[in-house]
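Overview (structure and organization)
What follows is each chain in one-letter form.
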Amino acid sequence: MRTAFTELVGVSHPIVGFNRSPGVVAAVTNAGGFGVLAASAYTPEELDAQLTWIEKQTGGKPYGVDLLVPEKFAAGDPDNLVASLRAQIPDTHLAFVRDLLAKYDIPEAPRVAAHDEIAASLNPSGAQALLDVAFGHPISLIASALGTPPAGLVARAKKEGVAVAALVGQAKHARRQIDAGVDVLIAQGTEAGGHTGTIATMVLTPEIVGIAAGRPVLAAGGIASGAQMAAALALGAAGVWCGSVWLCSEEDVANQAIKAKFLAATSSDTLRSPTRTGKPARQLRTAWHDEWEALLVNEAWQRIDAAAAAGHEGALRLESFFVGQVVGSFGQIRPAAEITRQMVADCEQRITELGTLL
């Protein structure tokens, strides 16, 4: 298949594999798609190592990087950022977390210094360090996951010959991104996992295509099959941006406990909630959300994740993760390359079938 997106980044299939696992990124790229690494969870040193690994696995094939850079930041002490931000958390929130962990008998876990480094990356200087690493590698695309790209990013990308993509959930978001000079718009519907708005992909995609002024538009949210991929192309999209579907891949780094929950879930078992990042994000509904529908303290998840991976019963009841409504279609754990090829083949078949209707 040839679309404006495949021509822009030089791939065979208009399917993007967005994931935090380098193994998924490499597998999708090697299968003819375009892998994009979710980079915000890495320190600069880790990101450099992961991108180097991806390049060795893919042999020069194109891939991209996604960074979550909020437009607004809480004020903190630059010399002791994490501690100063942590000090701003209300005592009532901290008490809730302590009581909840005790109720579910979640054991104490050692503090992981890397978590503080990751938290520090979600500020202007930290994000800039990750950008420096990304631009030090032969990436083909850089994606901005929250709001308009940081000042200077678009100009730097154009100088380096790197395409800039941005996620949008409303027409007004797209117009801001166009004014900022982005090359690719990702129309992410409410069905998507992670940070998402309230407009469905079926409605949002053609709306964004209509104002994109010739820029490639990728449809995102609710896409985990070839039929859904074909539907996105029929709406005018130049490809699809897929995230949740890779959570049932062998290469994804999620622990087996959460993967088992995904396989058992239905499409009605997710919700949009601010309880992981403070911004509305679609995730798997669990006992956590029954306990609290407000802001989440990240330290609790460090302990819950560690205990769930060890098979702790209470932690397994609380364990959740970002995932879209397509979780209801997960039937088994498969290699990411197999998922990519199956989606492309089924998409081609559906397009051929649609052609017989005329």
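This report concerns the structure included in the present document. Bear in mind that the values here come from a model prediction, so they are computed numbers and not experimental data.

Examining the pairing of strand E5 (residues 163-168)
Two faces make up the sheet, and in a regular strand the side chains alternate between them. Of all six residues in E5, six are buried, a share of seventy percent or more. Judged by which residues are buried, E5 turns out to be covered on both faces: Ala163, Ala165 and Leu167 on one side and Val164, Ala166 and Val168 on the other are all buried. Taken together, the four bridges between strand E4 (residues 141-144) and E5 define a ladder with parallel strand orientation. Bridge pairing in E5 links Ile142 to Val164. Handedness of the β-α-β unit built from E4, helix H8 (residues 153-160) and E5 comes out right-handed. As defined by bridge partners, E5 adjoins strand E6 (residues 184-188) across four bridges and the pair is classed as parallel. By the bridge assignment, Ala166 is partnered in E6 with Leu185.

A word on helix H16 (residues 336-355)
Counted at 1.5 Å a residue, the expected span for H16 with its 20 residues is 28 Å, and the 29 Å between its end C-alpha atoms agrees. Taken together, the buried positions of H16 are occupied by Ala336, Ala337, Ile339, Thr340, Met343, Val344 and Cys347. The arc that holds the buried residues of H16, viewed along the axis, is 165°, so those residues lie on one side. In H16, the exposed residues that point more than 90 degrees away from the buried face are Arg341 and Thr352. Check the buried side of H16 and you find it contacts strand E1 (15-19), helix H2 (22-30), helix H11 (226-234) and strand E9 (239-242).

Parameters and conventions
Residues numbered from 1 in each chain as written. Predicted model: local features only at pLDDT ≥ 70, side-chain atom pairs only at ≥ 80, totals over all residues. Heavy atoms only, no water. Buried < 20%, exposed > 50% of the residue type's maximum accessible area, 1.4 Å probe, protein only. Helix = DSSP H or I, 4+ residues; strand = E, 2+ residues; numbered from the N terminus. Pairing = 2+ DSSP bridges. Right-handed = clockwise from strand over helix to strand, strands pointing away. Expected span 1.5 Å × (residues − 1). Arc of directions from axis to C-beta. Contact = heavy atoms within 4.5 Å.

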